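# Structural overview for review
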Amino acid sequence: MKVIGFSRQDSFGLGETGAMLNPQARWILRHEGDIIMDVGYGVHGARTLNLVEGADESPELKVLAVVNYTRPMTNSPARIIDFLTGLGRVDGIIANTHLGDETTLEIVCQGNRMIRDTVRQLGMDVMYAAVDQKFSNIIKPGDCEIPLKLIERYMPNAIW
Amino acid sequence: MVAPVTPKSWYLPSKPHKFCPGCGHGIVLKALGENIDELGIQNKIIFGCDIGCSLLSWNFFACDSTQTHHGRTTPVMVGIKRSRPELITVGYMGDGGGYSIGSQHLLNSAVRNEKVTLILVNNVNYGMTGGQMAPTTLPGQKTETTPYGRDPELTGYPTKGPEFISTLTSDGAYVARATVSKYMQLKRFIRNALRNQLEGNGFSFVEVLSTCPTNWRTNAQQTWHFLEDEMEKFFPVGEIKSPFGKGEKTNVAD
Amino acid sequence: MDKVIGETKKAFLTGNETVAWAALAAGAEIMFGYPITPQNEVMHYWTRMAPKYNRNFLQTEDELSAGFTTCGAVQAGRKAFTATAGPGNVLMQEPFGMAEAMRLPLVAVIQQRGGPSSGTVVYSQQEVTLTTFGGNGEGMRIVYSTATHQEIYDYTIKAFNVAWKHRFPTFVLGDGYQAKMREPMEMYDPEDKGIEMVAPYPLIGLGGEIGAEREPAHLCNIYSLEEELYEVVLKHAAEFEALSPSIVEWTEGECDDADIIVVSHGVVSRAADDAVKALRAQGIKASYFRPITLRPFPQQALRNAIARSGAKKLLVAESAYGQLERLIKQEIYGETIKIETLFNPGVGIIDYDIISKVKSVL
């Protein structure tokens, strides 16, 4: 896995992690292979893709919105709808309900079902539920009637 | 292969610089660098930068430089100039550092006709901290602290810095607004601002309209459109006050 | 004021977002602020939610203004707050001083970053001295040092109540790690936990007809004679001291019998807690003491813990170069216990750091 971004030493003194645009990130779609772009929060939503050369023309690019039902900004159908319509372009939804170390099967299912039911009202569906593999003992494929993908974390000690 | 000419006063070990692709700072610093070379003042320059994206210029030049606090670049330059008048002080800041937290220093230095040269890069947002509203943010513009668009009823209209600064200055001051979309003019205005200090005339101030595609979330086309068709419409480009004759005006109403 | 949270619920969010929600739930009516990392998201979330709950906001021209506009708002009888960090905290000492002098119920959230000067934008515990005793006064302030997002939520709500009840400027002292990291916590409307929110009241703009119904209110923070100031300072000090026993908060563990007490605050106390458990499991008699209020400092509780435990050493662990240590020494003057130190200015401290240090000094 190749990570494109500024190292901490490079981002001298600066305002926010990620406020600077790495030139390689701007041209990332010219790379071969699978590309995953982690686009953070912000008032502009999916318009951040304007910063990626060729984002509009790429037939393969998909914009996936990750929704965690325990986040206050998306903890009700109304708030989820607000969030998704504010984003702009959304091609798919990933249900990512979890409560960190306090995650339970009930929390994941309750939240992800709410997300699924809400986005169906918008004519979309949830592609899959993403869950940290450390919870694979309490959450199994088929649970909550949503396809499951387990996440392997590569930076488990990163505190955010 | 023709290599682009790098100003001699640029500090090569800090290149490539860290400004975002599409950022206007690189253009402004090139114009400043070329002027420093052509005027032969590399050894006399003191370059001061603020907090914000201008901070990235702290080791940009092969000139003695000092990084200050947010909004305090102006008084630090004043302190240096008053102690060592033979040095050429160039203060470099953004619209936040200049018109917000630094505004009282800016306007008082203008009133006192301090013989410093200040370059203020205006990209209508607080870039480094993630895109909050700035004094120059346009009405209706979405930022992280105006998520529903800037409402002039609540937060006033964008600051027109050179305009208000020039009313405070006395004879010998040089006040102008340039834009990164017109490089030769930008270079001329910075040259005049430096010349003003070299001749000991008075306060010199150049605001430069600049681009921030990262926080504007604009592609190349949208970026230039926003600069040329929105910002330059709102903020007139030209020399507002100049001891060197009538002054150049692009679209300033006479 | 309408309920903000509705049903009490578990949530997963950053510390900054927690501050914004807690302030909403506490009924804060207006926030003033200026961008500085790492607290910007407090404003980002507040500005998004404020219109939905009929609250107000102004991004001021700098931190001096953010502090003074907050002073103005509380004088006018509105629950107001601000948030800042680092150099912004330095600037706010001027308005915080005015709040001390005039007994204003100002609430401020501080997310510590590396210092001095621009330092780093990341994390430290280097604003302890500034937040407890900054300004040109005697530090008549209440300062809560939080360690978890639950505490950020709980103490932000408490800060409003404590400020408005006792009229000392009240601070929630967090840090950049707390501000940015995400963890689960429980959000609630105060009334659902039996917490009654103290109603704000104006000190000026009191209504009624001046002359006919009341005298005008004249507020000041300057005096002509030294003796007048003396009386005021002593009066405030007496009230602050009388209040202290009911305000001080701390946690401690294993202090009944210990060889060494690890003293820390904020997020470092989480590492200390883990370290003490690990050390005990290895048969080493370590204990911990965590002041939650840095001001007023739980000095009697610490003295009691020292006496009770029979410990010969204190280990002060902080992400600063002696700010907590200085505070402790000042507060437990007379105690003869030896003080060891683990200073990591601007750098985090993990349980392993404390375990190694304890082993090396015992």
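Throughout what follows, the structure given in this document is the object of discussion. (Residues numbered from 1 in each chain as written. Chains lettered and ligands numbered in written order. Predicted model: local features only at pLDDT ≥ 70, side-chain atom pairs only at ≥ 80, totals over all residues.)

## Quick word on the interface of chain B and chain A
Counting residues at the interface gives 19 residues for chain B, matched by 17 residues for chain A. Tallied by class, the residues present in the side of chain B that touches chain A amount to six nonpolar, nine polar and four charged. (Contact = placed C-beta atoms within 7 Å. Nonpolar A, V, L, I, M, F, W, Y, C, P; charged D, E, K, R; others polar.)

## A closer look at the packing of helix H1 (residues 15-25) of chain C against helix H6 (residues 149-166) of chain C
Two quantities define a packed helix pair, namely the angle between the helix axes and the distance between the axes. Residue and element names in this part refer to chain C. With their axes 8 Å apart at the nearest point, H1 and H6 run at an angle of 30 degrees to one another. As far as their axial angle goes, H6 and H1 are roughly parallel. In the packing of H1 onto H6, the handedness of the crossing is right-handed. For the pair formed by H1 and H6, the contact residues are Gly 15, Thr 18, Val 19, Ala 22, Ala 23 and Ala 25 on the first element and His 149, Ile 152, Tyr 153, Thr 156 and Ile 157 on the second. (Axes fitted to C-alpha atoms, helices over the stretch in contact; angles between N-to-C directions. Helix = DSSP H or I, 4+ residues; strand = E, 2+ residues; numbered from the N terminus. Parallel < 35°, antiparallel > 145°, perpendicular 65-115°, else oblique. Left-handed = near helix turned anticlockwise from the far one by under 90°.)

## What to know about the pairing of strand E2 (residues 30-33) of chain C
Residue and element names in this part refer to chain C. By the alternation rule, side chains of E2 split into Ile 30 and Phe 32 and Met 31 and Gly 33, which are all buried. Sheet topology note: the E2/strand E3 (residues 56-59) ladder contains four bridges and is parallel. Paired with Phe 32 across the strands is Leu 58, a residue of E3. Each parallel crossover has a hand, and the one from E2 via helix H2 (residues 40-49) to E3 is right-handed. Here E2 pairs with strand E4 (residues 80-84) via four bridges, running parallel. By the bridge assignment for E4, Gly 33 is matched with Ala 83. (Buried ≥ 20, exposed ≤ 12 C-beta atoms within 10 Å, placed from the backbone. Pairing = 2+ DSSP bridges. Right-handed = clockwise from strand over helix to strand, strands pointing away.)

## Observations regarding the sheet that holds strand E2 (residues 64-67) of chain B
All names here are of chain B. Across the sheet, which stays open at both edges, the seven strands sit in the order E2-E1-E3-E4-E6-E5-E7 with mixed pairing between neighbours. Both outer strands of the open sheet, E2 and strand E7 (238-241), are each paired with one neighbouring strand and no more. Neighbouring strand axes in the sheet, compared pairwise and without regard to direction, differ in orientation by 20 degrees on average. The sheet contacts of helix H1 (residues 25-39) involve strand E1 (45-49), strand E4 (117-122) and strand E6 (204-209), and relative to E4 the element is tilted by about 160 degrees.

## Examining the sheet that holds strand E7 (residues 170-175) of chain C
Residues and elements named next belong to chain C. Pairing is mixed across the open sheet formed by seven strands, whose spatial order is E3-E2-E4-E5-E7-E6-E12. Strands with a single pairing partner mark the edges of an open sheet, and in this sheet they are E3 and strand E12 (293-295). Adjacent strand axes in the sheet meet at a mean angle of 20 degrees when their direction is disregarded.

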